[in-house]
Amino acid sequence: EGSTQLIFVDPPGLLEPRYLLQEAMQQLALEQLLSADVVIYLHPMPEGDPAPLETWLRNKADLISRDRRRGGSAQYLAVSAVTGEGIDTLLAWCLAHAPRRPFRNAADDISNQPLRFFAAEFVREAAFEVLGDELPYAVAAEVEEFRESRKPVYIRVTLYVERESQKGMVIGSGGRTVKILGETARGKIETLLGSKVYLDLWVKVLPKWRTSPLALRQLGFPTPIGRNR
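What counts as what
Residues numbered from 1 in each chain as written. Predicted model: local features only at pLDDT ≥ 70, side-chain atom pairs only at ≥ 80, totals over all residues. Heavy atoms only, no water. Salt bridge = Lys/Arg side-chain N within 4 Å of Asp/Glu carboxyl O. Helix = DSSP H or I, 4+ residues; strand = E, 2+ residues; numbered from the N terminus. Buried < 20%, exposed > 50% of the residue type's maximum accessible area, 1.4 Å probe, protein only. 1 Å grid on protein atoms, 1.4 Å probe; cavity = no way out; pocket = protein on both sides within 12 Å on 5 of 7 lines; lining within 4 Å. Points joined across faces, edges and corners; volume = space filled by probe spheres on them. Nonpolar A, V, L, I, M, F, W, Y, C, P; charged D, E, K, R; others polar. Phe/Tyr/Trp six-rings, centres within 6.5 Å; stacked < 30°, edge-to-face > 60°. Core = buried A, V, L, I, M, F, W, Y, C linked by side-chain atoms within 4.5 Å. Contact = heavy atoms within 4.5 Å. Axes fitted to C-alpha atoms, helices over the stretch in contact; angles between N-to-C directions. Expected span 1.5 Å × (residues − 1).

Tallying each qualifying case throughout the model produces 8 salt bridges. K188 is the salt-bridge partner of E125, the closest N and O atoms lying 2.6 Å from each other. In this pair, E125 sits in helix α5 (residues 115-131) while K188 sits in helix α7 (residues 176-193), placing the two residues 63 residues apart along the sequence. Judged by its relative accessible area of 21%, K188 is partly exposed. One salt bridge in this structure joins E145 and R156, with 3.4 Å as the shortest N-O distance. Of the two residues, E145 is situated in strand β1 (residues 140-147) and R156 in strand β2 (residues 153-161); the sequence distance between them amounts to 11 residues. Classification of R156 by relative accessible area gives partly exposed; the value is 24%. Among the ionic contacts, a cluster of salt bridges with common partners joins E125, E129 and K188.

The next point concerns the environment of Y41. As for its placement among the helices and strands, Y41 is situated in the loop between α1 (20-35) and α2 (53-57). Note on Y41: relative accessible area 30%, which makes it partly exposed. With 12 residues separating them along the chain, Y41 and L53 place their C-alpha atoms 7.4 Å apart.

In this structure the tally under the stated criterion is 2 cavities of 30 Å³ or more. Within this model, the largest cavity holds a volume of roughly 40 Å³. For the largest cavity, the full set of lining residues is A127, F128, L131, G132, L135 and V139. A per-class count over the lining of the largest cavity returns 5 nonpolar, 1 polar and no charged.

With that out of the way, let us pick up the packing of aromatic side chains. By the definition in use, this model includes 3 aromatic pairs. When the centroid spacing of 5.4 Å and the interplanar angle of 80° are considered together, the rings of F117 and F118 count as edge-to-face. Since its relative accessible area comes to 34%, F117 is described here as partly exposed. Centre to centre, the rings of F118 and F122 are 6.4 Å apart; their planes meet at 40°, and the pair counts as tilted. Residue F118 and its partner F122 are both found in helix α5; the two are separated by 4 residues, about one turn of the helix. Judged by relative accessible area, F122 falls into the buried class, the value being 17%. Every member of this aromatic cluster is reached through a ring pair, and the members are F117, F118 and F122.

Counting residues in hydrophobic clusters, the biggest one holds 27 residues, and the most contacted among them are V123, I155, V157, L159, V170, L181 and L199. Every element with two or more residues in this core is listed here: α5, β1, β2, α7 and β3 (197-205). Of all the elements, α5 adds the most residues to this core, at 7 residues. Excluding its chain neighbours within four sequence positions, the residues that come into contact with L199 are V123, I155, V157, G182, A185, R186 and I189. Counting 11 residues, the second largest nonpolar core, distinct from the first, contains M25, Y160, L206 and L219.

Our next topic: the packing of helix α6 (residues 164-171) against α7. Two packed helices can be described by the angle between their axes and the distance between those axes. The interhelical angle for the contact between α6 and α7, taken along N-to-C directions, is 60°, at an axis separation of 5 Å. Residues M169, V170 and I171 of α6 touch α7, and the partners they reach there are R176, T177, V178 and L181. Residues that form the contact of α6 with α7 fall into these classes: 5 nonpolar, 1 polar and 1 charged.

Turning our attention to α7. Over its 18 residues, α7 runs 26 Å from end to end, which matches the ideal 26 Å to within 8%, given 1.5 Å per residue. Taken together, the buried positions of α7 are T177, V178, L181, G182, A185, I189 and E190. As for α7, its buried residues are in contact with α5, β2, α6 and β3. A positive backbone phi angle near 75° is found at G194, which sits one or two residues after α7.

In structure tokens form, the structure reads like this:
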């Protein structure tokens, strides 16, 4: 906006890791937290006052310098993603706290991720919407083929689950569930690309992919430091 560029990074939430994928997510979250100029700490208002951010970092709090944690710029802002209330105030606050330096990205960039990344994300997002809490975090998506030269654009995505029983849940009776999932994801991808899309979905079992460094690397997740096997 004008002479100011705001880059919003949405890292994984801070949590106590229970398996390798969550370790990778925590590592990524901490790296992004340390590289940020401003941290926007989201907390649901109905749950009362939020705990200090340091309580979520536990023994990692020392990684954040004292002046970053106690810079005197902490402020409560109420926002609503549904109504848009408070968003203008939040953006004004961010503009006021942006450091002076050259732009990090070209002014017309909307992301540093390729279209393949968004296609996979929209499919995974659709899986969450359609399947609800039945398969929390047990579904991964990988784009196997992306041909923009075809009309409609051809995109082949493989959905990975950890067990055969989960594969059946994703496919559904007579393929009904995966069809709904595909329709949901295709609509989002078409909006992004501005053109028609043929979305070809496959469902495969990749046993224990959330705990395998090799599988995590294959699916584009960072491998936690010291966990390469």
